[in-house]
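Residues per chain are reported as follows:
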Amino acid sequence: NAGVTQTPKFQVLKTGQSMTLQCAQDMNHEYMSWYRQDPGMGLRLIHYSVGAGITDQGEVPNGYNVSRSTTEDFPLRLLSAAPSQTSVYFCASSHGTNNEQFFGPGTRLTVL
Amino acid sequence: KQEVTQIPAALSVPEGENLVLNCSFTDSAIYNLQWFRQDPGKGLTSLLLIQSSQREQTSGRLNASLDKSSGRSTLYIAASQPGDSATYLCAAYSNYQLIWGAGTKLIIKP
């Protein structure tokens with residue numbers, strides 16, 4: 001099992017550009033989520049999904065879109081990147097909503 | 001709203017000492033609590049997961065405790081080593097989310 005994979009590992013964007021951060025898991029987990037981590041702060045939840053076709057907002061959803069068409073994949077889209085979205089993004093998955101979450105290696109995004 | 005706090009934000013101790021990292025949460029209605037380690041510029045390494053029905057978990061030199069009634073968890077590191085230097089994060093499973101503390105940056109001096 002590859003676990004939770006994220007691509008790309010690093011990305012630099014210009015303000016206003018769009019991009020999609022990819023997340024995939026091969027553990028047949030129902031629950032998937034996206035977090036961002038900023039310096040000196042804990043991780044904050046952006047969006048989450050409890051199963052294919054179902055998504056919901058977390059603490060900081062503005063500027064981000066998600067969809068969940070399959071159990072395996074949960075992409076995060078930035079429609080118009082802003083410097084405030086410079087951060088490290090982590091994807092996670094688990095069986096159920098309150099069970100141990102497994103994390104991907106992260107994507108380090110810089111918006112100029 | 002659940003809030004998780006870790007104090008101190010940074011800690012420096014000599015090699016070989018035993019130490020305790022603290023994590024407090026405001027809402028005792030948590031499902032699980034998990035401790036992670038993060039090295040600079042790296043991802044998250046899960047250390048210990050304590051389920052809500054448990055009071056502690058042990059792995060090697062690490063021992064994590066959970067006291068829901070007082071809203072506290074501690075991570076005990078025995079016989080600290082320079083390789084333990086990292087940021088330690090705790091996270092509470094609460095209402096379909098993981099709520100994170102800001103972390104304690106630990107430096108072990110040789």
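Residues numbered from 1 in each chain as written. Chains lettered and ligands numbered in written order. Predicted model: local features only at pLDDT ≥ 70, side-chain atom pairs only at ≥ 80, totals over all residues. Heavy atoms only, no water.

A. The arrangement of the overall build of chain B in detail. Broken down by element type, chain B carries zero helices and 11 strands. In sequence order, chain B lays out its α and β elements as β-β-β-β-β-β-β-β-β-β-β. Computed over its C-alpha atoms, the radius of gyration of chain B comes to 13 Å, within 12% of the 13 Å expected for a compact globule of 110 residues. Projected onto its principal axes, the C-alpha coordinates of chain B cover approximately 40 × 25 × 20 Å. Per-residue burial for chain B yields a buried fraction of 44% across its 110 residues. For chain B, the proportion of contacts with a sequence separation of at least 24, taken over those separated by at least 6, is 54%. Total accessible area on chain B stands at roughly 5,200 Å², and carbon and sulfur atoms take up 48% of it. (Helix = DSSP H or I, 4+ residues; strand = E, 2+ residues; numbered from the N terminus. Rg over C-alpha atoms; globule rule 2.2 N^0.38 Å. Buried < 20%, exposed > 50% of the residue type's maximum accessible area, 1.4 Å probe, protein only. Contact = heavy atoms within 4.5 Å. Areas by Shrake-Rupley, 256 points an atom, 1.4 Å probe, with all protein chains shown as cover.)

B. Looking closely at the interface of chain B and chain A. The partner chain A presents 18 residues to the 22 residues of chain B that form the contact. Between chain B and chain A lies a buried interface of about 1,600 Å² when both sides are counted; carbon and sulfur atoms form 55% of it. Across the contact surface, chain B and chain A share zero salt bridges. In this assembly, chain B and chain A are joined by four residue pairs in polar contact (both at pLDDT 80 or more). Elements with a minimum of two residues in the side of chain B that touches chain A: strand 4 (32–38), strand 5 (44–51), strand 9 (86–94) and strand 10 (97–100) of chain B. (Buried area = accessible area lost by both parts, 1.4 Å probe. Salt bridge = Lys/Arg side-chain N within 4 Å of Asp/Glu carboxyl O. Polar contact = N/O pair within 3.5 Å; in protein donor to acceptor, adjacent residues only side chain to side chain.)

C. Region of interest: the state of the cysteines. Residue and element names in this part refer to chain A. Evaluated as defined, the whole model comprises two disulfides over all chains. Paired by a disulfide, C23 and C91 hold their sulfur atoms 1.8 Å apart. Across the disulfide from C23 to C91, rotation about the S-S bond amounts to roughly -70°, and the bridge is consequently left-handed. With a gap of 68 residues between them, C23 in strand 3 (residues 19–25) and C91 in strand 9 (residues 87–94) connect regions that are remote in the sequence. Overall, C23 belongs to the buried group, its relative accessible area being 1%. Taking the relative accessible area as the measure of exposure, C91 reaches 0% and is therefore buried. (Disulfide = S-S within 2.5 Å.)

D. Up close: the side chain of Q85 of chain A. Residues and elements named next belong to chain A. Position of Q85 relative to the elements: it lies in the loop between strand 8 (76–78) and strand 9. Residue Q85 is classed as buried on the basis of its relative accessible area of 5%. Leave out the neighbours within four places in its chain, and Q85 touches R36, N62, G63, Y64, L78, S80, L109 and V111.

E. Focus on the nonpolar core. All names here are of chain B. If you look at the biggest cluster of nonpolar residues, it comprises 23 residues, and the most contacted ones within it are L33, W35, L75 and I77. Broken down by secondary-structure element, the contributors of at least two residues to this core are strand 3 (19–25), strand 4, strand 5, strand 7 (62–67), strand 8 (72–77), strand 9 and strand 11 (104–109). Among all residues touching I77, those that are not within four sequence positions of it are E17, N18, L19, L21, R61, L62, D84, Y88 and L106. (Core = buried A, V, L, I, M, F, W, Y, C linked by side-chain atoms within 4.5 Å.)

F. Representation of the pattern of salt bridges in the model. Under the counting rule described, the total for this entry stands at four salt bridges over all chains. The partner of D39 of chain B in a salt bridge is R37 of chain B, and the shortest N-O contact between them spans 3.0 Å. R37 of chain B sits in the buried class, given a relative accessible area of 17%. Of the charged contacts, one joins D84 of chain B and R61 of chain B as a salt bridge, the two residues approaching to 2.8 Å between their closest N and O atoms. With D84 of chain B in the loop between strand 8 and strand 9 and R61 of chain B in the loop between strand 6 (56–59) and strand 7, this residue pair connects regions lying 23 residues apart in the sequence. The class for R61 of chain B is partly exposed, based on a relative accessible area of 29%. Each of the salt bridges in this network shares a partner with another, and the network as a whole consists of R36, D38 and R44 of chain A.

G. Just the side chain of Q38 of chain B, in detail. Mapping Q38 of chain B onto the fold places it in strand 4. Separated by 2.9 Å, the side chains of Q38 of chain B and Q37 of chain A make a polar contact. Setting aside its immediate chain neighbours within four residues, Q38 of chain B contacts Q37 and F90 of chain A together with G43, L44, A86, T87 and L89 of chain B.

H. Up close: the sheet that holds strand 8 of chain B. Residue and element names in this part refer to chain B. The sheet built from five strands is open, its strands ordered 1-3-8-7-6 with antiparallel pairing. Where the open sheet ends on each side, the last strands, each with one partner, are strand 1 (4–5) and strand 6. Examined bridge by bridge, strand 6 and strand 7 share four bridges and lie antiparallel to one another. Residue pairing for strand 7: E56 is matched across the bridge by S65. (Pairing = 2+ DSSP bridges.)

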